[in-house]
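This is what each chain is made of:
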Amino acid sequence: AKRLLRRSRMRESTIQVAHCSTYVVEQDSSSAVTCHASYRPRRGGATELTAAGLANGAVALFTSRGEPSCAETKPRMLRGHSGIVCGLLFVSGPEVGGHGGYLLLSCSADRTVRVWDPASSEPEPACVQTLRGHGGTVTDLATTDTGMLVTGSTDSTVRIWRADPARTVMLHPWFSEVQVLRDVGGWINALALHSKEETLYVGDEQGHISVYRPAGGAMRLSRWRQQPRVHSLGVTRLLLVPGERVLVSASYDCTAKVLDTRSGAVTRIIDSPHRSRFTALCWDGARSELLLGDESGHLSIWDVGGEGCLKCERLWGDGALPKQGGEKVAAALANAVRVSRIDSTGPRVGKPGPSQGGLRHLALAEGGRLLSSSGTAVDAWRVVHGISSVRAAAHSAAVVAVAGPGTAAVCDEGEERRSDAARSPEAALSTRSSESAVYSASLDGTIRAWDPQDMSCTSIFHEVRSEIACLIHCPRCERLVTGHDDGAIRLWHVDSGSTVTLSGHSNTVTCLSVDTRGKSVRLLSSSFDGTVGAWDISGQRPPRLELLFAAHEEEVLAVRAAELTPRYVTAGSGALIKIWSLDTHALLGQLRGHTEPVGHLAVDGHFLLSGSDDGSVRLWDLYAYALLRVLPRAQEGPLRGLLVVPDSGWLVACSEAAVRVWDYDSGGLLKEWRHAEPFCSIGLRRSTGDVIAGTEEGLLVALPLAEVTPSMGA
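Model, not experiment: these values are computed from the prediction. (Residues numbered from 1 in each chain as written. Predicted model: local features only at pLDDT ≥ 70, side-chain atom pairs only at ≥ 80, totals over all residues. Heavy atoms only, no water.)

Caption draft 1: The sheet that holds strand E42 (residues 556–561), seen in detail. With respect to topology, 4 strands assemble into an open sheet ordered E42-E43-E44-E45, the strand pairing being antiparallel. Bordering the open sheet on either side are E42 and strand E45 (587–591), each of which pairs with just one other strand. Each neighbouring strand pair of the sheet contributes to a mean axis angle of 20 degrees, computed without reference to strand direction. Bridge count for strand E44 (residues 577–581) against E45 is 4 bridges, and the pairing is antiparallel. In the sheet register, Lys 578 faces E45, and the bridge partner there is Gln 590. (Pairing = 2+ DSSP bridges. Helix = DSSP H or I, 4+ residues; strand = E, 2+ residues; numbered from the N terminus. Axes fitted to C-alpha atoms, helices over the stretch in contact; angles between N-to-C directions.)

Caption draft 2: Structural detail: the side chain of His 675. Locating His 675 in the fold gives a position in the loop between strand E53 (668–674) and strand E54 (679–685). His 675 sits in the buried class, given a relative accessible area of 4%. One polar contact links the side chain of His 675 to the main-chain amide nitrogen of Glu 677, over a distance of 3.0 Å. (Buried < 20%, exposed > 50% of the residue type's maximum accessible area, 1.4 Å probe, protein only. Polar contact = N/O pair within 3.5 Å; in protein donor to acceptor, adjacent residues only side chain to side chain.)

Caption draft 3: Examining the confidence of the model for the chain more closely. Across the chain, pLDDT averages 82, with 81% of residues at or above 70. Taken together, the stretch residues 67–72 has pLDDT below 50 and engages in 16 contacts with residues farther than four places along the chain or on a different chain. pLDDT under 50 marks residues 326–356. Its contacts with residues more than four places away, or in other chains, come to 59 contacts. (pLDDT = per-residue confidence, 0-100. Contact = heavy atoms within 4.5 Å.)

Caption draft 4: Representation of unusual backbone geometry. In this model, Cys 254 sits at a positive phi of 70 degrees, which is unusual for a non-glycine residue. Here Cys 254 lies in the loop between strand E19 (246–251) and strand E20 (255–260). The phi dihedral of Tyr 625 is positive, around 55 degrees, even though this residue is not glycine. As for its placement among the helices and strands, Tyr 625 is situated in the loop between strand E48 (617–621) and strand E49 (626–631). The exposure class of Tyr 625 is partly exposed, given its relative accessible area of 29%.

Caption draft 5: Focus on the nonpolar core. Core analysis: the largest hydrophobic core is formed by 18 residues, its most contacted members being Val 652, Val 659, Val 661, Ile 682 and Leu 705. Residue assignment for this core shows that the elements contributing at least two residues are strand E51 (651–655), strand E52 (658–663), E53, E54, strand E55 (690–695) and strand E56 (700–704). The greatest single-element share of this core, amounting to 3 residues, is contributed by E54. Filtering out sequence-adjacent residues up to four positions away, Ile 682 remains in contact with Val 402, Gly 641, Leu 642, Leu 643, Val 652, Cys 654, Val 659, Val 691, Ile 692 and Ala 693. The next biggest cluster of nonpolar side chains, apart from the first, holds 17 residues, and it includes Val 91, Cys 107, Leu 149 and Phe 175. (Core = buried A, V, L, I, M, F, W, Y, C linked by side-chain atoms within 4.5 Å.)

Caption draft 6: Inspection of the sheet that holds E48 at higher detail. Within the open sheet, the 4 strands sit side by side as E46-E47-E48-E49. Their pairing is antiparallel. Single-partner strands in this sheet number two, and they are strand E46 (598–604) and E49. Averaged over all pairs of adjacent strands, the angle between their axes in this sheet comes to 25 degrees, without regard to strand direction. Strand direction decides the pairing type here: E48 and E49, joined by 5 bridges, are antiparallel.

Caption draft 7: Region of interest: the layout of surface pockets. Considered as a void within the structure, the second largest pocket measures approximately 870 Å³ in volume. Lining of the second largest pocket is provided by 38 residues; of these, Val 400, Ala 469, Thr 510, His 600 and Arg 640 occupy positions nearest its centre. For the lining of the second largest pocket, the elements supplying multiple residues, two or more each, are strand E30 (399–403), strand E34 (468–474), strand E38 (509–517), E42, E46, strand E50 (639–644) and E54. Per-element tally for the lining of the second largest pocket: the top contributor is E34, with 5 residues. Here the residues of the lining of the second largest pocket sort into 26 nonpolar, 6 polar and 6 charged. (1 Å grid on protein atoms, 1.4 Å probe; cavity = no way out; pocket = protein on both sides within 12 Å on 5 of 7 lines; lining within 4 Å. Points joined across faces, edges and corners; volume = space filled by probe spheres on them. Nonpolar A, V, L, I, M, F, W, Y, C, P; charged D, E, K, R; others polar.)

Caption draft 8: View of the packing of aromatic side chains. In this structure the tally under the stated criterion is 7 aromatic pairs. Between Tyr 39 and Phe 90, the aromatic rings sit 5.6 Å apart at their centres with planes inclined by 20 degrees, giving stacked as the arrangement. In this pair, Tyr 39 is assigned in strand E2 (residues 33–39) and Phe 90 in strand E6 (residues 85–92), connecting sequence segments 51 residues apart. Residue Phe 90 is classed as buried on the basis of its relative accessible area, which comes to 13%. Between Tyr 39 and Tyr 102, the aromatic rings sit 4.9 Å apart at their centres with planes inclined by 50 degrees, giving tilted as the arrangement. Of this pair, Tyr 39 sits in strand E2 while Tyr 102 sits in strand E7 (residues 102–108), and the two are 63 residues apart along the sequence. Members of the aromatic cluster, joined through ring pairs, are Tyr 39, Phe 90 and Tyr 102. One Lys or Arg, Arg 213, reaches over the ring of Trp 224 and ends 3.6 Å from the middle of that ring. (Phe/Tyr/Trp six-rings, centres within 6.5 Å; stacked < 30°, edge-to-face > 60°. Lys NZ or Arg CZ within 6 Å of the ring centre and 35° of its normal.)

Given below as structure tokens:
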């Protein structure tokens, strides 16, 4: 408990949960998922196996690479059980055998345990052994590193099985029964087994927990202790955490209890806040956190040593978190479990049946993904810690752009760095309100203005003609500028929302940049049609097109005005970067080195930074046209945003997976933030020192630069 408490004080408390993929089995209630297990073979590279036990007795075996979608993953079916599958377990090791060095074990209401070889090349892997002996539903199973298999049943017995040493030369092990424990005194509902010490914990229908240890020989177990009435009703789940000396039990009495494995003392009682019993337990060893799923579909994340409940989200049922995959997943899950009761004439099952709904099973998969069983599917979720501040914005779709004062990725730094003294007092006063706001544009067709202090929404503009592709803020002319899918550019007045439309591009406007020199305000635009446009939007007369020309042979993805000299930079899908004169639009130079499309540019004084789809960022001398440094892994995958923090010179690079802060001079990584939802855009809120990141689900996330220190990159 002291170790858990000490860790809890070091933990950042904010946690986000988001859906990332779904394994769909079938659409009828007889195929409801009752349990699941996952395994990544050592010789399988990125391949991951996910097995789902079904109410109809089958086991669905999914093979995937990465995070599959509902449409692209179809399971192989392992058929043989004639009753509900109650438990699944992958076992591996040098003594296990099988085609891939691992096996899958399943237990069922048909009173049997089956051993499968998932690595078999057969379309439906054959059952290599069926273990018989129990007289009731086999409710749970567990194994040790020493080759011992333990099974529990509603026949009130626990059976011990070991691989026959005489058959070690065979492809598959052969399990033989070596002991039967008959002194439990009730139906066995749950087992937990120490994989090295062979200490066995048994939870029964009366709420007792019995502990068995090896005695009189390494091959046999005897009861060491029985704790009567740990729960007022039957125990349904047990979870052993050997490293913490903790045993967690869940019961029909709607509580979960944390016990010290040495003394048996209850150190914490967790009551279900939703008055529904806990149906799933899981331990996150990296965070020392307990994850509980209940019958109402809620996931609770607990720090059992100190802070208590850290997060509660509904993953199943009405009001659950949204799932990725759109209409395909929704259609596949439409009939997930719509029956209120499934009658069974077979043996009574001690574990939760498919009719009870909710989260039936939880498990952590490779890469930290959380798997949950509900309905006729297994869902994968990302659980991300350490997000310092999150504002659940009202956007209903991806945030494609964030703009505001100091947003170097979308605003001209030359204008940002000039003080209000360079303007008239009237101009400074009239623009103070608009300059302090943060703006976001979304695929839901709205532009929203946010108060920079509390991020409350202050105004909303609606775009109904064409999808917004990019956004910048121009304080000098009190305008927001948006580029659109149909090639149009619109200027929005920040107070009235009135618009002026500029036409010229024939395809999506990909990027916008503003250059302000003296009284002139020039807008630069790039497009998928390969052209770059220069527009006069000074405000002294109606906006007009100065020049539209073919800048690249392929799509132009980015345009950026230089800060200290009349130049601008363009880049495109051909990986070539070009430097142009802002006065004559003559080509001044070309930069080669990227091998993938260059979609993002940032300028810091005499330096140019370019971000590519391969995740790399290159640093160039803008005037010598020379490559100075390469950050080969600035991000994981294609960049979604790039900006330079004016005061510190830090580089902020955004991908779907993370937002990273770099000291580009030394090449050191200073800070990384992750989120449960994919990032898709970034901006800078200089008034509070935050990076504002937009997500695919319409959220705005505040990432404080105060957390970044130069020593972090050392």
